[in-house]
Amino acid sequence: LMVAIAVVGIISGIAIPNIIGWREDTKIRNVSRSLTADLHYGKTIAVRENTRAVIVVTGSDYTICLDDSGGNDCDPLEDVLRTRNMPSGFSLANDFADDAIGFDGAGVAWFAPDGSPVDEEATITLSSPGGKTAEVNVNFLGRIRLVE
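This is a predicted model, so every value here is computed, not measured.

1. Considering the overall build of the protein chain
Regarding its fold elements, the protein chain presents 1 helix and 9 strands. In the protein chain, the succession of α and β elements from N to C terminus is α-β-β-β-β-β-β-β-β-β. Relative to its length of 148 residues, the protein chain is extended, with a C-alpha radius of gyration of 20 Å against a globular reference of 15 Å. Along the longest, intermediate and shortest principal axes, the C-alpha atoms of the protein chain span 70 × 30 × 25 Å. Counting only residues that meet the buried cut, the protein chain has 34% of its 148 residues in that class. At a minimum sequence separation of 6, the contacts of the protein chain that also span at least 24 residues come to 56%. For the protein chain, the exposed surface amounts to about 8,100 Å²; the carbon and sulfur share of it is 56%. Each charge sign in the protein chain was given a centre, from 12 positive and 21 negative side chains, and these centres are 13 Å apart.

2. Description of the nonpolar core
L39, L92 and V138 are the most contacted members of the largest nonpolar core, which has 27 residues in total. Ranked by residues supplied to this core, first place goes to helix 1 (residues 2-49) with 6 residues.

3. Considering the state of the cysteines
Taken as a whole, this structure holds 1 disulfide when the rule is applied. Two residues share a disulfide in this structure: C65 and C74, whose sulfurs sit 2.2 Å from each other. An S-S torsion of about -100° defines the bridge between C65 and C74 as left-handed. Under the relative-accessibility criterion, C74 is labelled partly exposed at 25%.

4. Things to note about a nonpolar patch on the surface
A cluster of nonpolar side chains, contributed by L1, M2 and I5, occupies part of the molecular surface with about 420 Å² of accessible area. Of note, I5 is situated in helix 1.

5. Points about the sheet that holds strand 8 (residues 133-139)
Read across the open sheet, the 4 strands follow the order 4-7-8-9; overall the sheet is antiparallel. Looking at the sheet topology across the chains shown, the edges are occupied by strand 4 (91-94) and strand 9 (144-147). Put simply, the sheet's adjacent strands are angled 20° from each other on average, direction ignored. Of the pairings in the sheet, the one linking strand 7 (residues 121-127) to strand 8 comprises 7 bridges and is antiparallel in character. In the sheet register, E121 faces strand 8, and the bridge partner there is N139. Across the sheet, helix 1 touches strand 4, strand 7, strand 8 and strand 9, and the angle it forms with strand 8 is around 15°.

6. A short note on the sheet that holds strand 2 (residues 61-66)
Spatial ordering of the open sheet is given by 3-2-1-5-6, a layout of 5 strands whose pairing is antiparallel. Two strands close off the open sheet at either side, each with one partner strand: strand 3 (80-85) and strand 6 (109-110).

So, how was this worked out
Residues numbered from 1 in each chain as written. Predicted model: local features only at pLDDT ≥ 70, side-chain atom pairs only at ≥ 80, totals over all residues. Heavy atoms only, no water. Helix = DSSP H or I, 4+ residues; strand = E, 2+ residues; numbered from the N terminus. Rg over C-alpha atoms; globule rule 2.2 N^0.38 Å. Buried < 20%, exposed > 50% of the residue type's maximum accessible area, 1.4 Å probe, protein only. Contact = heavy atoms within 4.5 Å. Areas by Shrake-Rupley, 256 points an atom, 1.4 Å probe, with all protein chains shown as cover. Lys, Arg positive; Asp, Glu negative; His and termini not counted. Charge placed at Lys NZ, Arg CZ, Asp CG, Glu CD. Core = buried A, V, L, I, M, F, W, Y, C linked by side-chain atoms within 4.5 Å. Disulfide = S-S within 2.5 Å. Patch = residues over 30% accessible without salt bridge, like charges linked within 9 Å, V, L, I, M, F, W, Y side chains within 5 Å. Salt bridge = Lys/Arg side-chain N within 4 Å of Asp/Glu carboxyl O. Pairing = 2+ DSSP bridges. Axes fitted to C-alpha atoms, helices over the stretch in contact; angles between N-to-C directions.

This is the structure:
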């Protein structure tokens, strides 16, 4: 009986850290795929409605809205398409001005403060509590790519 308990203890000691790491990998993969899908959704609505969609990114959430006012943000009277809060411990960082990225009616992305397209790529980085990261890149043509 003591040998069986020792074997179970050793196997558990090896398996539990791997299971915890696997859970975090799965969670960051799911959250990053949701972010990518939401960016595609915002772009699709902008093209379908021939208007501008804005994605405002903060440290722990993001909001996607139709930018009727042209202010490169989500004003209270504008249609909010999606709002997502990150799971506990997860955070978002970006490398574009004013924490906003958008798509125009042709699906072209912009990440400049004045809303004009620029010849570069924007990156939204998702970080997990354990230090794992995933990136979502958007180029100026509107191509959205997930880098896990």
